[in-house]
Amino acid sequence: MATLSAVFKLIMAFFMVLPQILAPVPAMIMEDSFFEKWSAEQQFTEDYVVVIEKDPDEDFVVLNFADVQLKDLEYYEGYGKAAEDMMTKLIEEQQPDLITLSGDNAWATIAYINLVNFVDSFGIPWAPVMGNHDGQGCMNEFWCAYLFNEAENCVWKFGPEGMGYGNYIINIEENGEIIHTIFMMDTHNDGTFTDENGNEVSGYDHLWKNQIEWYEWAVNGIAAIEGHVVESSAIMHIPVYELKTTWEKFYDKENDCFTGEYAEGSFGVIHEKPCPGAVNNHFMDKVLELGSTKNMVFGHDHVCNASFLYEGVRLSYSLKLGTGCYYEDGLMGGSTLTINSDGEATFAHHFCA
């Protein structure tokens, strides 16, 4: 049962942030205007993306927070402070150049505003994607997206129309050269789909066909600018289909590890059945064909932190941040992608008690 103190704090917070709650409402009437037109025939140009400069003398650090996912009252019952303390500790330790959130960011209105304001307060560029629970407990998903759009230090872009919310590209540049690209992509919610055998199946969604076409267009466009394929990473909420199929065939549940060809270079554990999209969208086939993306970072499955190489692409669960929704002690914290001057990214976990 919620304490009277927590209820009182929530009521007071409601009136304090009421202007921020109402700010997106007029924009909802013009929601379509926030999305850009896109076609595969248009020319890719550098002004299409967010650009962040890398210090030539330092590695570029991306710190990811996954599935913070707090409700309103939880923020005032101690869970909010615990999450903020954990984020503060990780930011102070890792000194990130970019903070990312891999979806299921919060579960209710005031919790969402608190999270946005808190992450923005560090003055560090930050970039979120949507998870399948974003928009629940709030007015709608656009309302959440608008908060990101208006935050001072958030580099969020709504992205092309007809692809969900928040498909955008971040180029890391050093001395005027694109050395690494980060794709932020919306894996949507759930629904009913037709599998490759013509059967209807229900479950989680994933990237749509037009998103995969957009990804290919961008990879090729960036390669044309630089004269070579640029290494990239993709951050999204729901894992790719291949994570589940690899787990089914090559994960030793008794010893908590990958086996066979996936043993070398793997680390972390999978303590629940992976939940990718209900059907295979063949995004991984396109990734392997293009040869750009070498790291994919996911959230979604809270008690997993496994990372392994799949045909040269590292598939990784980010550590869950905090105790929102469900969690496992010892599997909380944040995860980083550390990018060197050659554009190569290294993935790692950073645990918090």
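Reading guide: rules and limits
- Residues numbered from 1 in each chain as written.
- Predicted model: local features only at pLDDT ≥ 70, side-chain atom pairs only at ≥ 80, totals over all residues.
- Heavy atoms only, no water.
- Salt bridge = Lys/Arg side-chain N within 4 Å of Asp/Glu carboxyl O.
- Helix = DSSP H or I, 4+ residues; strand = E, 2+ residues; numbered from the N terminus.
- Buried < 20%, exposed > 50% of the residue type's maximum accessible area, 1.4 Å probe, protein only.
- Phe/Tyr/Trp six-rings, centres within 6.5 Å; stacked < 30°, edge-to-face > 60°.
- Lys NZ or Arg CZ within 6 Å of the ring centre and 35° of its normal.
- Axes fitted to C-alpha atoms, helices over the stretch in contact; angles between N-to-C directions.
- Parallel < 35°, antiparallel > 145°, perpendicular 65-115°, else oblique.
- Left-handed = near helix turned anticlockwise from the far one by under 90°.
- Contact = heavy atoms within 4.5 Å.
- Nonpolar A, V, L, I, M, F, W, Y, C, P; charged D, E, K, R; others polar.
- Pairing = 2+ DSSP bridges.
- Polar contact = N/O pair within 3.5 Å; in protein donor to acceptor, adjacent residues only side chain to side chain.
- Core = buried A, V, L, I, M, F, W, Y, C linked by side-chain atoms within 4.5 Å.

(A) Looking closely at the pattern of salt bridges. Here the structure, examined in full by the defined rule, presents seven salt bridges. For Lys54, the salt bridge is made with Glu174, and the minimal N-O distance between the two is 2.9 Å. Residue Lys54 is found in the loop between β1 (50-53) and β2 (60-65), and its partner Glu174 is found in strand β5 (residues 168-174); the two are separated by 120 residues along the sequence. The same class applies to Lys54 and to Glu174, which are both buried. Here the salt bridges do not stand alone but share partners, grouping Glu216, Lys286 and Glu289 into one network.

(B) The packing of aromatic side chains, seen in detail. All told, the structure shown has 29 aromatic pairs when counted by the stated rule. Judged by centre distance (6.4 Å) and plane angle (20°), the ring pair of Phe267 and Phe347 falls under stacked. Note that Phe267 is positioned in the loop between β11 (257-258) and α10 (283-290) and Phe347 in strand β16 (residues 345-351), a separation of 80 residues in sequence. By relative accessible area, which is 7% here, Phe347 ends up buried. Within the aromatic cluster, the residues linked to one another by ring pairs are Phe34, Phe35, Tyr112, Trp126, Phe142, Trp143, Tyr146, Phe148, Trp156, Phe158, Tyr165 and Tyr168. When the ring centre of Tyr48 is taken as origin, the NZ or CZ atom of Lys157, which lies over that ring, is 5.3 Å away.

(C) Layout of the packing of helix α5 (residues 79-94) against helix α6 (residues 109-120). At a minimum axis distance of 11 Å, the contact between α5 and α6 shows a crossing angle of 20°. Looking at the two axes, α5 sits roughly parallel to α6. In the packing of α5 onto α6, the handedness of the crossing is right-handed. Counting all contacts with α5, which are made through Glu84, Met87 and Thr88, the residues of α6 involved are Leu115, Phe118 and Val119. When the residues that make up the contact of α5 with α6 are grouped by side-chain class, the tally is four nonpolar, one polar and one charged.

(D) How the structure looks around the pairing of β16. As defined by bridge partners, strand β15 (residues 333-339) adjoins β16 across seven bridges and the pair is classed as antiparallel. By the bridge assignment, Gly334 is partnered in β16 with His350. Hairpin connection from β15 to β16: five residues lie between these consecutive antiparallel strands, with Gly343 at a positive phi of about 85°.

(E) Just the side chain of His206, in detail. Along the chain, the position of His206 falls in the loop between β8 (200-204) and α8 (209-226). Within the structure, His206 has its side chain in polar contact with the backbone oxygen of Ile238 (distance 3.0 Å). For His206, the side chain forms a polar contact with the side chain of Asn281, separated by 2.9 Å. Not counting the four nearest positions on each side in its chain, His206 is found in contact with Thr187, His188, Gln211, Met236, Ile238, Pro239, Val240, Gly277 and Asn281.

(F) Seen up close, the nonpolar core. Counting 66 residues, the largest nonpolar core has Phe65, Tyr112, Trp126, Trp156 and Ile170 as the members making the most contacts within it. The dominant element in this core, judged by the number of residues it contributes, is α6, at eight residues. In this structure, Tyr112 is in contact with Asn105, Ala106, Met130, Asp134, Cys138, Trp143, Cys144, Leu147 and Phe148, ignoring residues within four places of it in sequence. Grouped together as the second largest cluster of nonpolar side chains are 43 residues, Met163, Ile212, Leu243 and Tyr262 included.

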